[in-house]
Amino acid sequence: MSNKHKIINDPVFGFLDIPSDTIYDILQHPYVQRLNRIRQLGLSYTVYPGALHSRFLHSLGAMHLMQDAIHNLRQKGIVISDEEAEAAMIAILLHDLGHGPFSHVLEHTLVEGITHEEISLLMMEAIPAPELAIRIFKNEYERHFLHQLISSQLDVDRLDYLCRDSFFCGVSEGTVASARLIKMMNVVDDKLVLEAKGIYSVEKFLVARRLMYWQVYLHKTSVAAEQLLIKILQRAKHLAATGHELFCSPALHYFLYHRVTAAQFTIHSEALEQYALLDDSDVLSAIKTWQHADDKILAMLSQAFTNRQLFRGTLLDHAMDANDKTLLRKLYAEQLGIHETDADYFFVEHVSTNSTYSEKGDAIDILYKDGSVRDIAQASEILDLETLTRKPEKRYLFQYRL
């Protein structure tokens, strides 16, 4: 019999333990192994060349932090059975299963009306993951705090990706005290709370999250790359719909040549199986070949993407009006020798929004020695509710470089 109790060397948290045969077997499933072929940060490597880590590595890190969190809560007298512990670790391990290539790009182009969270659930059910893990993931299990560890405003998912993304990007903005925050976790009335002596670490976490969004996740250049990729896939989708035969893998072909909506996604459906075969390499290899496509627009956009001649981003102080867009269409039509109706492939107006904290849903609750609990928005001396919940926006014009 093979030894399934493995240790994995993680550059962020050190040695990670695979604690059970069930988890090992789930890790070997093709749906999970696919995450090795999907970058955690999509196109952020266009800004930070080290940002090449995978969603598989992030999922392992989040599972490791879940294991630490459960160990800590047990030390504080919170009874968590071995079945619950394993189910919670499986749920966080599989939480990103439904992500497509390049993060959220596919949700806006190749599939319609379904989120990666919904696809994650379908994949979990198809594996199949233990029923308890699915119930915890869906927040249908009676012990709500277990779901909060997976999905809340301070969960192990965020603790991992802030530390991990900072490490691989080489920035310090997202470095948070994940070990201390986990040590400060407790449970009161089935809700996850953080002890008051950890309040400064919570404040640092919230500030780090806002800074990381502007510094990394919403960086102007990586957003420009995403918008260019979206335009390429939109053009490919248009060509497919009008009878052009494009080079692509069978999985990408399925999504280019079919209108795939939420209705097509069910357990063991063709849509789900083809989606499970789709990863970054399908899209990158297609675009590399599309540089030489007969269609001029697809070829120009693909050449720009492959050679990192990304859209130029200009910060706007107000929304563009119809006249502004008409002038841009005429400019691109004249300069590139294309029809004005096709000029929209070469520019886009985009708004980036940064959200730090939400008043809705589970709050980050601070537990005091007298047993009282207060929302971080009221407990913090430096972060008030208005500061935390404000959603600053940046409006850009992204356009092809002439």
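What you are looking at is a predicted structure, and each value in this text was computed from that prediction instead of being measured.

**Overview of the sheet that holds strand E5 (residues 191-195)**
Now for step 1: The strand order E4-E5-E9-E10 describes an open sheet built from four strands, whose pairing is mixed. Of all strands in the sheet, those bounded by a partner on one side alone are strand E4 (185-188) and strand E10 (373-375). Geometrically, the sheet is characterised by an average inter-axis angle of 45 degrees between neighbouring strands, direction not taken into account.
Now for step 2: Bridge count between E4 and E5: four bridges; the pairing is antiparallel. Bridge assignment links Met185 to a residue of E5, and that residue is Leu194.

**Things to note about the pattern of salt bridges**
Now for step 1: Going through the model one piece at a time under the given rule, you end up with 16 salt bridges.
Now for step 2: Among the salt bridges present, the one from Glu142 reaches Arg135, with a minimum N-O distance of 3.3 Å.
Now for step 3: Bridged by salt links that share partners, the residues Asp10, Asp160 and Arg164 form one connected network.

**Some thoughts on the sheet that holds strand E8 (residues 347-353)**
Now for step 1: What the three strands build is an open sheet, ordered E7-E11-E8; its pairing is antiparallel. The sheet terminates laterally at strand E7 (312-316) and E8, the two strands that pair on one side only. This sheet shows a mean twist of 30 degrees between the axes of neighbouring strands, independent of strand direction.
Now for step 2: Of the pairings in the sheet, the one linking E7 to strand E11 (residues 393-399) comprises five bridges and is antiparallel in character. Across the sheet, the residue bridging to Thr314 is Leu397, located in E11.

**Quick look at the layout of surface pockets**
One water molecule sets the probe size; rolling that probe over the atoms shows where empty space is left.
Now for step 1: Approximately 1200 Å³ is the volume attributed to the largest pocket.
Now for step 2: What lines the largest pocket is a set of 39 residues, and nearest its centre among them are His99, Ser103, His104, His116 and Tyr213.
Now for step 3: The element contributing the most residues to the lining of the largest pocket is helix H11 (residues 220-241), with five residues.
Now for step 4: A breakdown of the residues in the lining of the largest pocket according to their chemical character gives twelve nonpolar, 17 polar and ten charged.
Now for step 5: Roughly 160 Å³ of volume is contained in the second largest pocket.
Now for step 6: Lining the second largest pocket, in full, are Pro19, Ser20, Ile23, Gln67, Ile70, His71, Arg74, Asp82, Ala85, Glu86 and Met89.
Now for step 7: Every element with two or more residues in the lining of the second largest pocket is listed here: helix H3 (55-75) and helix H4 (82-93).
Now for step 8: Residues belonging to the lining of the second largest pocket are distributed by class as follows: five nonpolar, three polar and three charged.

Here is what the cut-offs are and how they apply
Residue numbers here run from 1 along each chain, matching the order of that chain's written sequence. In keeping with the predicted nature of the model, local features appear solely for residues at pLDDT of at least 70, side-chain atom pairs appear and are counted solely at 80 or more, and the whole-chain, interface and lining totals rest on all residues. Excluding hydrogens and water, the side-chain values take into account all heavy atoms of the structure. Only strands joined by at least two bridges in the DSSP assignment are considered to pair. Only DSSP runs of H or I reaching four residues or more are called helices, and only runs of E reaching two or more are called strands; each is numbered from the N terminus. Note on definitions: angles span 0 to 180 degrees between N-to-C directions of axes, and those axes are lines fitted to C-alpha atoms, for helices only across the stretch in contact. The working definition used for a salt bridge is a side-chain nitrogen of Lys or Arg within 4 Å of a carboxyl oxygen of Asp or Glu. Every definition here rests on a 1 Å grid over the protein atoms only: cavities are sets of points where a 1.4 Å probe fits but cannot get out, pockets are open sets enclosed by protein on both sides within 12 Å along at least five of seven lines, and lining residues have some atom within 4 Å of a point. Grid points are joined across faces, edges and corners, and a volume is the space filled by probe spheres set on the points. Basically, the charged four are Asp, Glu, Lys and Arg, the nonpolar ten are Ala, Val, Leu, Ile, Met, Phe, Trp, Tyr, Cys and Pro, and anything else, Gly included, counts as polar.

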